[in-house]
Amino acid sequence: MRGLLILGAAAVLLMGGCRKDEPIVPGGRGLLPPQLASDHPPPSYRKLVERYNARIVGIDQLWSRSRLKIEWRDDKGDVRREDGEGNFIFRRPLDLALTAGKLGNVGLWIGSNAEEYWLLDLQGDGAAYVGRHRYVGRPCAQPLPLAVYPSDLLLVMGLAPIDPTAAAEVEMIEGRALIEPPGLGARLLLEPDTGRAVRIDLLDREGRSVIVCRLNEEARLTPAAVIPTAIDLYVVNSDAKLTLKLSDLQIDGRKIKDAVFNIGVLLNAHKPEEQ
């Protein structure tokens, strides 16, 4: 999954077809949602973020089925495709599990808990990449072979609350509100009346977009809470795309087991050859 998930490693899921055609990451306004007609002045930053946060109030945990599709361009310029089914599970603040595989066999496991994060490539003999959140970005830690860290997945999926008290500007772009919360390393494009996120970008140190996440279909889980169920994540500099679709969403926690967030349990169960 070169350029998207496992850089320079073997593919995890079953191999799809290949072709040469248009870029996977569209240029121009291809990553922008359709324009909204609006003559209303922008809301304040605080009001906008409060509307955004209100959409996920009460969603402290989630169990769902997931379908993961990956597209990337290989060294020969061919577009490769893979897909798999699994689960997307989270529990605040940092418990996360995203799995994918074929015929009930897990080939990819991305996860984290309050202290650690990991990527398990479970094809063949298997390999495990494990790190601690507190070392991310420091010289003592090697980069994880992921385009996005597990701790950032909830952010780009519109599931992480934002501090509404910070001072930041609101810019209107084609009828939507653009904000860049201080210290977050992200830029959000929101519908001003509802606070719904339609696009969330992760930024590099110069403020350039390196990950673009388009949020599409939604599911209402409580009278107030609505979360996206179709996510297109683009890796800007690698011409790669991940599509994640969620179904059978449940928030009561009955299907969530502590073991899926315990890297020691996972390593003991899967026994990857390389760690």
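Small disclaimer: the values here were computed from a predicted structure and weren't measured.

1. Looking at the pattern of salt bridges
In the structure shown here, the tally under the stated rule is 21 salt bridges. The salt bridge partner of Arg 92 is Asp 60, with a shortest N-O separation of 3.7 Å. In this pair, Arg 92 is assigned in the loop between strand 3 (79-91) and strand 4 (95-102) and Asp 60 in the loop between helix 1 (45-54) and strand 2 (61-73), connecting sequence segments 32 residues apart. On the basis of relative accessibility, which here comes to 24%, the residue Arg 92 falls in the partly exposed class. Classification of Asp 60 by relative accessible area gives partly exposed; the value is 46%. Residue Glu 85 is joined to Arg 67 by a salt bridge in which the shortest nitrogen-to-oxygen separation is 2.6 Å. Of this pair, Glu 85 sits in strand 3 while Arg 67 sits in strand 2, and the two are 18 residues apart along the sequence. According to the relative accessible area criterion, Glu 85 is exposed, its value standing at 52%. The structure contains a network of salt bridges with shared partners spanning Arg 55, Glu 191, Arg 196 and Glu 218.

2. Section: the packing of aromatic side chains
Applying the stated criterion to the full structure yields 2 aromatic pairs. Ring geometry for Phe 88 versus Phe 90: centroids 6.1 Å apart, planes at 50°, classification tilted. The exposure class of Phe 90 is buried, given its relative accessible area of 0%. Taking 5.4 Å as the distance between ring centres and 85° as the angle between the ring planes, the aromatic pair formed by Tyr 117 and Tyr 149 counts as edge-to-face. Of this pair, Tyr 117 sits in strand 6 (residues 116-121) while Tyr 149 sits in the loop between strand 7 (127-132) and helix 2 (150-156), and the two are 32 residues apart along the sequence. With relative accessibility at 3%, the residue Tyr 117 sits in the buried group. Of note, Lys 255 hangs over the ring of Trp 63, and the distance from its end group to the ring centre comes to 4.2 Å.

3. Some thoughts on the confidence of the model for the protein
Averaged over the protein, the pLDDT score is 88; the fraction of residues at 70 or greater is 92%. Every residue in residues 1-18 scores below 50 in pLDDT, and together they form 68 contacts with partners more than four places removed in sequence or on other chains.

4. Notes on the environment of Gly 27
Of note, Gly 27 is situated in the loop between strand 1 (18-19) and helix 1. Residue Gly 27 is classed as exposed on the basis of its relative accessible area, which comes to 55%. Residues Gly 27 and Val 236 lie 209 residues apart in sequence; the distance between their C-alpha atoms is 9.7 Å.

5. Focus on the environment of Leu 178
Here Leu 178 shows up in strand 9 (residues 176-179). Among the residues examined, Leu 178 registers a relative accessible area of 21% and is labelled partly exposed. Remark: the alpha-carbon pair of Leu 178 and Ala 197, spanning 19 residues in sequence, is separated by 9.8 Å. The residues contacting Leu 178, other than those within four sequence positions of it, are Glu 169, Val 170, Glu 171, Ile 173, Arg 187, Leu 188 and Leu 189.

6. Structural notes on unusual backbone geometry
For the peptide bond that leads from Arg 92 to Pro 93, omega is 10°, which places it in the cis range. Within the secondary structure, Pro 93 sits in the loop between strand 3 and strand 4. For Glu 174, which is not glycine, the phi torsion reads 50° and is therefore positive. Backbone geometry at Asp 239 places phi at a positive 50°, although glycine is not the residue there. Within the element layout of this structure, Asp 239 appears in the loop between strand 15 (230-235) and strand 16 (240-250). We classify Asp 239 as buried; its relative accessible area is 17%.

7. Let's talk about the pairing of strand 15
Within strand 15, 6 of the 6 residues are buried, which leaves the element mostly enclosed by the surrounding structure. Residues Ala 230, Asp 232 and Tyr 234 point to one face of strand 15 and Ile 231, Leu 233 and Val 235 to the other, with burial holding for every one of them. Two elements, strand 12 (residues 209-215) and strand 15, share 5 bridges in a ladder whose sense is antiparallel. Each bridged residue has a counterpart across the sheet, and for Leu 215 the counterpart in strand 15 is Ile 231. In this structure, strand 15 lies alongside strand 16, joined through 6 bridges in antiparallel fashion. Note that in strand 16 the partner of Leu 233 across the bridge is Leu 242. Linking strand 15 to strand 16, which pair antiparallel, is a turn of 4 residues; within it Asp 239 sits at a positive phi near 50°.

8. Overview of the pairing of strand 12
The side chains of a regular strand alternate between both faces of the sheet. Among the 7 residues in strand 12, 5 count as buried, and that is most of the element. By the bridge criterion, 5 bridges tie strand 11 (residues 197-203) to strand 12 in an arrangement that is antiparallel. In the strand pairing of strand 12, Arg 199 is matched with Arg 214. Where strand 11 folds back on strand 12, the antiparallel hairpin that results is connected by 5 residues, among which Gly 207 adopts a positive phi of roughly 85°.

Calculation notes
Residues numbered from 1 in each chain as written. Predicted model: local features only at pLDDT ≥ 70, side-chain atom pairs only at ≥ 80, totals over all residues. Heavy atoms only, no water. Salt bridge = Lys/Arg side-chain N within 4 Å of Asp/Glu carboxyl O. Helix = DSSP H or I, 4+ residues; strand = E, 2+ residues; numbered from the N terminus. Buried < 20%, exposed > 50% of the residue type's maximum accessible area, 1.4 Å probe, protein only. Phe/Tyr/Trp six-rings, centres within 6.5 Å; stacked < 30°, edge-to-face > 60°. Lys NZ or Arg CZ within 6 Å of the ring centre and 35° of its normal. pLDDT = per-residue confidence, 0-100. Contact = heavy atoms within 4.5 Å. Pairing = 2+ DSSP bridges.

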